[in-house]
Amino acid sequence: MDRMRLDKLLALQMDISRKDAGALVRQGKVCVCGQQVHDSAQKVCPADVTFSGKPLDYQANFYLMMNKPAGVLTAAWDAKQPTVMGLVPDKLMRRGLQPVGRLDKDTTGLLLLTDDGELAHQLLSPRHHVWKTYQARLICPPSPCAEERFAHGIELSDFTCQPARLHRLKDGDTPLYEVCLREGKFHQVKRMFAAVGSEVTALCRTGFGPLLLPDTLAQGQCRSLTREETEALLKSGK
Ligand code: URA
């Protein structure tokens, strides 16, 4: 198990600042291998640490959800444009943290980030592809047989999509539709709507496997997954 700075470990595990973590250490509330410690900068093995007599609920890997805003790239780094990694606050940053899959620059919504490369690989592999849910605002209603065509698998110029579920959420000149699909090819949702005579003007991902985009997570913000969310996600990748 990797060793890390005590104040960083406490801050990550307890969702507090490093300064507050240092204060807890100075107050004598933290033990390492059963011994009270006062140096919050020391490197420790997470399994050796207790707080107020209880072991830390330590997770080896780190899982974050972000409500991606439009205008940022889903990439670890880019020389010219802002990326989602620039939106991760320092206290949630970890070595190896990466977005799982991609959303287009103008797509908003739920993006998973993790340092668990094995899970990321499983969630994206064609064998495991998890369901993803999107809300799409359209420029005009799609053709009347759109739901049926999505359900059968839309034929695009270079491949036939797997069956997907389409559901109208709001009528009108610029209707809102929900689409659930298991694939994640380049511009896939936009291309599927283009194939049924419409055009996506705004796209937001609201679900990824068992995860749902919470109303409380504003665009540009991220938070760690809860223990329940993490367990559900790990199960969906198996
Ligand atoms: N489909 C798209 O067209 N764009 C996305 O960002 C995600 C799915």
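Cut-offs and rules
- Residues numbered from 1 in each chain as written.
- Predicted model: local features only at pLDDT ≥ 70, side-chain atom pairs only at ≥ 80, totals over all residues.
- Heavy atoms only, no water.
- Pairing = 2+ DSSP bridges.
- Helix = DSSP H or I, 4+ residues; strand = E, 2+ residues; numbered from the N terminus.
- Contact = heavy atoms within 4.5 Å.
- Axes fitted to C-alpha atoms, helices over the stretch in contact; angles between N-to-C directions.
- Salt bridge = Lys/Arg side-chain N within 4 Å of Asp/Glu carboxyl O.
- Buried < 20%, exposed > 50% of the residue type's maximum accessible area, 1.4 Å probe, protein only.
- Domains from an automatic or database assignment.
- Buried area = accessible area lost by both parts, 1.4 Å probe.
- Polar contact = N/O pair within 3.5 Å; in protein donor to acceptor, adjacent residues only side chain to side chain.
- Core = buried A, V, L, I, M, F, W, Y, C linked by side-chain atoms within 4.5 Å.

**Re the sheet that holds strand 5 (residues 49-51)**
Strands sit in the order 3-2-5-6 across an open sheet of four strands; the sheet is antiparallel. Where the open sheet ends on each side, the last strands, each with one partner, are strand 3 (35-36) and strand 6 (54-55). Across two bridges, strand 5 lies against strand 6 in antiparallel orientation. Pairing of T50 across the sheet is with P55, part of strand 6. Its contacts with the sheet place helix 1 (residues 6-14) against strand 2 (30-32) and strand 5, and it is angled at close to 55 degrees to strand 5.

**Quick look at the pattern of salt bridges**
Throughout the structure, instances matching the rule amount to nine salt bridges. For K190, the salt bridge goes to D104, with nearest N and O atoms at 2.7 Å. With K190 in helix 5 (residues 188-195) and D104 in the loop between strand 8 (98-99) and strand 9 (108-114), this pair connects stretches of sequence that are 86 residues apart. Accessibility classification places K190 together with D104 in one group, the buried group. Notably, a salt bridge pairs R168 with D171, separated by 3.1 Å at the nearest N-O pair. What makes R168 partly exposed here is its relative accessible area of 43%. Of the residues examined, D171 reaches a relative accessible area of 59% and is grouped as exposed. Here the residues in one salt-bridge network are D104, D106 and K190, joined through shared partners.

**Here's the deal with the domain arrangement of the chain**
Quoted interface sizes are often the accessible area lost when the parts come together. For the chain, the assigned domains are domain 1 (4-55), domain 2 (63-126 + 211-236) and domain 3 (131-208). Here the C-alpha centre of domain 3 lies 22 Å away from the C-alpha centre of domain 2. Between domain 2 and domain 3, a total of about 1,000 Å² is buried, with carbon and sulfur atoms accounting for 47% of that surface. Linking domain 2 to domain 3 there are two salt bridges. A salt bridge links D106 to K190, with the shortest nitrogen-to-oxygen separation between them at 2.8 Å. Where domain 2 touches domain 3, the interface holds eight residue pairs in polar contact (both at pLDDT 80 or more). Listed by contribution, the elements that provide at least two residues to the side of domain 2 that touches domain 3 are strand 9 and strand 14 (211-212).

**Thoughts on the side chain of E183**
Within the element layout of this structure, E183 appears in the loop between strand 12 (176-181) and helix 5. Separated by 2.8 Å, the side chains of E183 and Q188 make a polar contact.

**Describing the nonpolar core**
The biggest cluster of nonpolar side chains holds 49 residues, and the ones touching the most others in it are L6, V49, F150 and F193. Once residues within four sequence positions are removed from consideration, F193 is found in contact with A136, L138, F150, L166, Y177, V179, S198 and V200. One finds L110, L123, F208 and L217 within the second-largest nonpolar core, a separate group that totals 15 residues.

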